[in-house]
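# Architecture at a glance
Take a look at the letters that make up each chain.
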Amino acid sequence: SGPAGQGGGEPAAAPPPAAEAATFAVITHAGSGDAFWDVVKNGAEAAAKRYGVTVNYQGDGDPARQSQLIDQAVSQKVDGVVVSMANPDALKEAVGKAVAAGIPVITINSGGDRSREFGAITHIGQSEDVAGRGAGEKLRAEGVTKLLCVIHEAGNVGLDQRCKGATDGLGGTVERLQVDVGNLADATSKIKARLQSDTSVDGVLALNPAVAVAARDAIADGGSKARLATFDLSADVVAAVRDGEILFAVDQQQYLQGWLPITFLTLYRDNLNTVGGGLPVNTGPGFVTKDNAAQVAELAQSGTR
Amino acid sequence: MTVADERLARTGAARRLLVRPELGAMVGAVAVFAFFASQSATFRSIEGVANWLDPASTLGIMAVAIALLMIGGEFDLSAGVLTGTTGLITVILATRYGLSVWTAMLVSLAAALLVGFLNGLIVVRTGLPSFIVTLGTFLMLQGVNLGVTKALTGTVQVGGLRGAEGYEGARAVLAGTFPAGGTDFRVAVLWWLGVTALATWVLMRTRAGNRIFAVGGDARAARAAGVPAERTKIALFMTTAVAAWLVGSILALRFTSVQANSGIGQEFVYIIAAVIGGCLLTGGYGSAIGAAIGAVIFGMADKGIVFAGWDADWFTFFLGAMLLLATLANRLVRRYAEEVRR
Amino acid sequence: MTVADERLARTGAARRLLVRPELGAMVGAVAVFAFFASQSATFRSIEGVANWLDPASTLGIMAVAIALLMIGGEFDLSAGVLTGTTGLITVILATRYGLSVWTAMLVSLAAALLVGFLNGLIVVRTGLPSFIVTLGTFLMLQGVNLGVTKALTGTVQVGGLRGAEGYEGARAVLAGTFPAGGTDFRVAVLWWLGVTALATWVLMRTRAGNRIFAVGGDARAARAAGVPAERTKIALFMTTAVAAWLVGSILALRFTSVQANSGIGQEFVYIIAAVIGGCLLTGGYGSAIGAAIGAVIFGMADKGIVFAGWDADWFTFFLGAMLLLATLANRLVRRYAEEVRR
Amino acid sequence: MLEVRAVGKTFGGVIALRDVSTRVCRGEVTCVLGDNGAGKSTLIKILSGMHAPDSGEYLLDGAPAAFTSPRDAMDQGIATVYQDLAMIPLMSVWRNFFLGSEPVLGRGPFRRFDVARARRVVREELRSMGIDIRDVDQPMGTLSGGERQSVAIARAVHFGARVLILDEPTSALGVKQAGVVLRYIAQARDRGLGVVLITHNPHHAYPIGDRFLLLNRGTSLGEYGKAGITREELTSLMAGGAELERLAHELDRGEPPGPAYP
Amino acid sequence: MLEVRAVGKTFGGVIALRDVSTRVCRGEVTCVLGDNGAGKSTLIKILSGMHAPDSGEYLLDGAPAAFTSPRDAMDQGIATVYQDLAMIPLMSVWRNFFLGSEPVLGRGPFRRFDVARARRVVREELRSMGIDIRDVDQPMGTLSGGERQSVAIARAVHFGARVLILDEPTSALGVKQAGVVLRYIAQARDRGLGVVLITHNPHHAYPIGDRFLLLNRGTSLGEYGKAGITREELTSLMAGGAELERLAHELDRGEPPGPAYP
Ligand SMILES: Nc1ncnc2c1ncn2[C@@H]1O[C@H](COP(=O)(O)OP(=O)(O)OP(=O)(O)O)[C@@H](O)[C@H]1O
Ligand SMILES: Nc1ncnc2c1ncn2[C@@H]1O[C@H](COP(=O)(O)OP(=O)(O)OP(=O)(O)O)[C@@H](O)[C@H]1O
Ligand SMILES: [Mg+2]
Ligand SMILES: [Mg+2]
């Protein structure tokens, strides 16, 4: 099949010589240091090593700065761009520029519904609200009726979508709480404060592994009966899942959202392959529960889950 | 007699130039440029320049306004989030309430002026430090941005400005591009140059400028000399608000969507750019051109690290080192200049 | 004669108390407490108090140190991220290199002291504003935290301190709890009280305190009076670093894991608490008790909104309004006090 | 033309001034004399609109006036040299000089500070006071104490249209410069301005003063016309003269001084 | 005991002082005289360790000394009253007074500022200068100009062990207080201290000075022993006396003054 998107013909016309290592830019909507996106980065870099290409990972939560990073990649004439589109409208122009310059674009994680329209060759992963919905459904199955969704960065689109998805999936009441991920003592006491003042809350959904640990402490300290679930993994979270302190952790297998686009871009470059035929390639949602925690533990420790 | 005062060491004309506060910043900028130009060919190419001038321009507009305010002895922490507020107002009014983009922008300008006025009024009336007052408005605006956006749209971002009436025209004026040297530059660059020139003129060549320096240098002494200190300060806060509105509109028109958290955290970047450009935190000293150059230094370091392809994990490390070195270069030049004259 | 000077209006002993700078902050704190106590029964219960005192205590330790530094006329933006750095060093050394927790803490203390010393040295030697210098170290440390953690562990956080040698003992001293009034309080509360008392004693009753006020009030005049201004400032930066180490250790021991980005953004919260507590941003004025109370006001407002169950989207709005009102109350009381005496 | 009746001022618990009355007339110099801390500067600050009096009346040309800022007073042609609120240290000499009353050129949005004129005027005014400043761009804070004071005086003289208020104007000045200032004051008086002068130097006060207001510990000890007091009385009222003479003898040990280095 | 040889100081392009030599001897008062901007304060700041000279030598008891801060000079018993670097406005009077030389009580970690003693000493020292301060807790910035200056002088006198340097100490003082300061200087001299005094008042300079250093536009016009100069010569050198007398006649219009308000 031919490449999707308007500008797809050009790279085919002049495939770069195999001797020269390709450079791909991965540009996400999260600043460095974010636990989830760090695994994406690890995946992309591992794939780069495997295929002998260069990956330049950048990320910024501000769509303006994210689009500037795309512009920069275009100026540098990279051989492919991987971009997560939390705010597709804002990235439309920059992605369009990349496509017009004949650079293959793959979207990951969010923005799957606009991916084709913008001329990307494929989309990998699913949006945050699908993952959120999965978590909500699973919590409903556990009998949770009133859920506290802990947002650790006010106004972050991805986190908002996760909470909204959870609302849809749960069907019950979902309340939001804002905490600061840079100050876990504060996060603990805020979650605790909420649980103390509203005893009808019977579920807590953390959106970050560090916040999950804080929430676990808050539930224990406050003597609450609330069940806890979280997004994403860390060694502490996996241990807590194993010990039954955390019900489950939503695992989008985001490692794949880093690995696969590099694989696809390499294949596209060398062989003009496209995957999915315009439909997104799903990487999850997977769940880490008590049953599989033991196996995942090691992997989370090394930053690939 | 003064022309050949025996108490003055000789000073050449070229050396006299050195004493301008901007020149220190200029040297810092040249150093940063030279460094990254040697690291990356794209950085020094015309596309690369257009790339890093783009963020530098919006940052620069704000840095210049903040520099005026800082010279006047005050801070504004709410300026960053106000760019988001104005953008949100424009987009919501133009997309949900069917106003034309121009009308929506007028309304958001009025809102910005009101915020600036209130900031200024509270500062001069209560005598609280502006750091605290504008921190209060910063937090409150942040809450309003999120709360109102959520209430009206159910999400934390609004978009769809592209379809609004008057969009194309407004975009061309504020967020378009113009070709130069074979690539496209953002018109924001022109706005930035214009704002810098205007601010410099006001500071150096008008009454208002003299009064800004005075209220920042010593507000009590300025009042004693007959300067209307309260009015000057309120006007400065309103100027900052207008700059925030301008930047907010530029960004909203360019990205056609605004997030509820946009602009948060930028307030310090503005201050940083102004300080790199030679403004004193304690007020009474600084220059608009310096702040504009400070924005360029920040923009170059920020984008240069990406162009150089350094590991994103170490990004802030390099950024910090760059800023420190640029400010040091600035300081060394300034010292040398002071040796030469004065 | 002075006892009954006709040029002094009478002042009662009770009224004289009012002039202490802390009393304004105290009134702000009481107002915020009363407000939230009326909104939420849990807030005023002993469990509630233990809850909001917990973050207030770590914040308070830092706010007091930052207050000393601000009285001495300087800022430290790197203090927040330094809490993360020290925590990371301790955890990495104790878990990856098999050091005992105590030894690891000693090493991280040494690292903190070094950072503080360098901050101070660069500030006094180059004459650059500390805002810029510590911004540089802030960014650089942030990069180091992330870069080194990633390089050593492949992830953005390190954990597993629970298994390290000496963990239980260190935890009991720094991160344990003690029962009081039927609930458990964090020992950090005691550390906070201790730090506040020590800092107050130093400020009010020692040579060093006198010199801190002087270098912040007017560094040139202080130098002229024979104050070793450089040494005083470097010592202040090192004090801040020690406080950051203390808080970093408390948090690391408590959560047994540290994220590479922990502490970022806290630097301004510290400054805010100090300013709410009555410190001047320009230096030379303030009190340690005030800063400690400022931390409580911030902590109460921050938690009280959650206890009151207000809409999370509007959280920062309420927070901003609370801070503004608390500072205003503080200011009004101070004005009244100044009417009464002086 | 300017009169205060029974004004008082309290700073918190400190009563700085109580029940003081005086007036300033066209073509007259009113000297305010008194010990340190007597409240002279406080009185001046009330006259110049810097402080609002807590009690008493302020009359301008017979009508009650309530200045809310020094700006109001300046607009009435009252120019002041303050003792401690001199100038903005970081600003250049010429900017300081014209602060608050900048000369402008052009109109509308093109109205601008007439920099060339400002610099010229400053240089001339200072030179005619016997201060030869090197560079009017020098920041105010780097001038010597006397130079700073001279700028403040030159400024007030330049802008004082009806009343000139001078708080210890000659304290940091050399003998020559002080003489020039006294001559300035005389000229201003002769042009019909009202002048208020604070000084601790009876040698300055007597020759030029027409009316002497004596303050002590915040209250008035009375006001004397020149006819009502001799130079000797005034000097002794200021605790000066005689005491100084005695002191001179006391200090004059008549020892042979050390070697001189010419 | 203290000597400078051919010192010079340049601030950027401004040459403030060039080739000035002088010395300060035990039990002698050296008066530094000169116009505004002559470089007197700059010389003093070099003597007190505030500025390092750009050229020339600084000898202390005959041996070359290089002070890097005023602290070094203070440790040698040299105390200074600066003209413009007075005090910390936000700090209380007693804290300012003892700044840099705080009296302590106790030892080791319990060594603390002896607050009670500090307050007592300040009150006493000021009272003996004729300044009756209301409240030693008052912030320095709210004192009157003369009160501030008195605190600075009292401080220097209290801590000056060998050399006392005073830059226009009496400029803001009342006649009485100025007299007290002159008597202090005489006492210090008699106790064997070396004193450097800057003043613009020949009536103060002549009675107390043993040696007169004349500066003009940054250079020395020569140094005179008391034997080498009469009061009249000195006064006319300071461009004073005669000129002032002439001025007095010029100003004295002999008009009937306005009505007095007793
Ligand atoms: N803002 C203020 N707060 C408190 N006290 C003040 C304030 N201003 C002045 N005072 C007090 O009021 C008294 C009168 O001060 P003022 O400056 O009027 O004296 P002065 O007569 O000008 O003295 P000097 O000759 O020393 O300049 C002083 O004792 C001073 O301490
Ligand atoms: N830091 C500085 N930078 C630039 N110029 C300076 C600086 N300090 C002093 N000057 C200049 O040096 C000259 C001498 O100053 P100085 O203060 O020594 O004079 P002075 O003799 O004490 O005068 P006065 O009697 O007015 O106090 C002045 O013209 C002043 O402008
Ligand atoms: Mg006075
Ligand atoms: Mg001088």
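Provided above is the structure to which this section pertains.
Before going into details, it helps to say that this report is about the structure given with it. Quick caveat, the model's predicted, so the values are computed rather than measured.

## Focus on the site of ligand 2
The immediate surroundings of ligand 2 are formed by 22 residues, with D:Arg134, D:Ser144, E:Lys40, E:Ser41 and E:Thr42 found nearest. Calculation on ligand 2 without its partners gives an accessible area of 640 Å², and the protein chains cover 90% of this total. Going through the elements one at a time, helix 5 (145-159) of chain D together with strand 2 (14-24) and helix 1 (40-47) of chain E are the ones with two or more residues in the shell around ligand 2. Split by residue class, the shell around ligand 2 holds five nonpolar, twelve polar and five charged.

## Some remarks on the arrangement of the chains
There are eight pairs of chains in contact here, and the one with the most contacts is chains D and E. The two units chain A and chain D are non-contacting; their minimal C-alpha-C-alpha distance is 35 Å. Regarding chain A and chain E, which are not in contact, the minimum distance between any of their C-alpha atoms is 33 Å.

## Focus on the environment of E:Gly130
Residue and element names in this part refer to chain E. On the secondary structure map, Gly130 appears in the loop between helix 4 (115-128) and helix 5 (145-159). On the basis of relative accessible area, Gly130 is assigned to the partly exposed category, the value being 42%. As a C-alpha pair, Gly130 and Ile208 span 78 residues in sequence and 20 Å in three-dimensional space.

## Overview of the coordination of the magnesium ion (ligand 3)
Each donor-metal-donor angle in an ideal tetrahedron of four donors is 109.5 degrees, and each such angle in an ideal octahedron of six donors is either 90 or 180 degrees. Residues and elements named next belong to chain D. Around the magnesium ion (ligand 3), the protein contributes the donor atoms Ser41 (OG) and Gln83 (OE1), at 1.9 to 2.0 Å from the metal centre. With Ser41 in helix 1 (residues 40-47) and Gln83 in the loop between strand 6 (78-81) and helix 3 (93-97), this pair connects stretches of sequence that are 42 residues apart. According to the relative accessible area criterion, Ser41 is buried, its value standing at 17%.

## Observations regarding the nonpolar core
Membership of the largest hydrophobic core comes to 284 residues, with the highest contact counts inside it found for B:Ile271 and C:Ile271. Ranked by the residues each element gives to this core, the list is headed by helix 4 (residues 46-71) of chain B, at 17 residues. Once residues lying within four places of it in the same chain are set aside, the contact partners of C:Ile271 are B:Phe131, C:Ile66, C:Met70, C:Phe75, C:Leu77 and C:Leu281.

## As for unusual backbone geometry
The phi angle at A:Asp232 is positive, at roughly 70 degrees, despite the residue not being glycine. In this fold, A:Asp232 is placed in the loop between strand 9 (227-231) and helix 10 (235-242). Of note, the phi angle at E:Ala6 is positive, near 55 degrees, even though the residue is not glycine. With respect to the secondary-structure elements, E:Ala6 resides in strand 1 (residues 2-11). The exposure class assigned to E:Ala6 is partly exposed, which follows from its relative accessible area of 31%.

## With respect to the site of ligand 1
The environment of ligand 1 is formed by 22 residues, the closest being D:Lys40, D:Ser41, D:Thr42, E:Arg134 and E:Ser144. More than one chain lines the surroundings of ligand 1; the residues nearby belong to chains D and E. One of the backbone N or O atoms of D:Gly39 is found 2.8 Å from an oxygen atom in ligand 1. E:Thr142 places a main-chain nitrogen or oxygen 3.2 Å from a nitrogen atom of ligand 1. Here ligand 1 loses 90% of its free accessible area of 640 Å² to cover by the protein chains. Listing elements by their share of the shell around ligand 1, those giving two or more residues are strand 2 (14-24) and helix 1 of chain D together with helix 5 of chain E. Per-class residue counts for the shell around ligand 1 are five nonpolar, twelve polar and five charged.

## Some thoughts on the state of the cysteines
Counting across every chain of the model gives one disulfide over all chains. In this model A:Cys149 forms its disulfide with A:Cys163; the gap between the sulfur atoms is 1.8 Å. Taking the torsion about the sulfur-sulfur bond, which here is approximately -85 degrees, the covalent link between A:Cys149 and A:Cys163 counts as left-handed. Taken together, the positions of A:Cys149 in strand 6 (residues 146-151) and A:Cys163 in helix 7 (residues 157-170) put the pair 14 residues apart, joining distant regions of the chain. Each member of the pair A:Cys149 and A:Cys163 is classed as buried. The closest cysteine sulfur to the non-disulfide-bonded E:Cys25 is located on E:Cys31, 14 Å from its own sulfur. Its relative accessible area of 17% is what places E:Cys25 among the buried residues.

What counts, and at which threshold
Residues numbered from 1 in each chain as written. Chains lettered and ligands numbered in written order. Predicted model: local features only at pLDDT ≥ 70, side-chain atom pairs only at ≥ 80, totals over all residues. Heavy atoms only, no water. Near = heavy atom within 4 Å. Areas by Shrake-Rupley, 256 points an atom, 1.4 Å probe, with all protein chains shown as cover. Helix = DSSP H or I, 4+ residues; strand = E, 2+ residues; numbered from the N terminus. Nonpolar A, V, L, I, M, F, W, Y, C, P; charged D, E, K, R; others polar. Contact = heavy atoms within 4.5 Å. Buried < 20%, exposed > 50% of the residue type's maximum accessible area, 1.4 Å probe, protein only. Donors = N, O, S within 2.8 Å, 3.2 Å for Na, K, Ca; no water. Core = buried A, V, L, I, M, F, W, Y, C linked by side-chain atoms within 4.5 Å. Polar contact = N/O pair within 3.5 Å; in protein donor to acceptor, adjacent residues only side chain to side chain. Disulfide = S-S within 2.5 Å.

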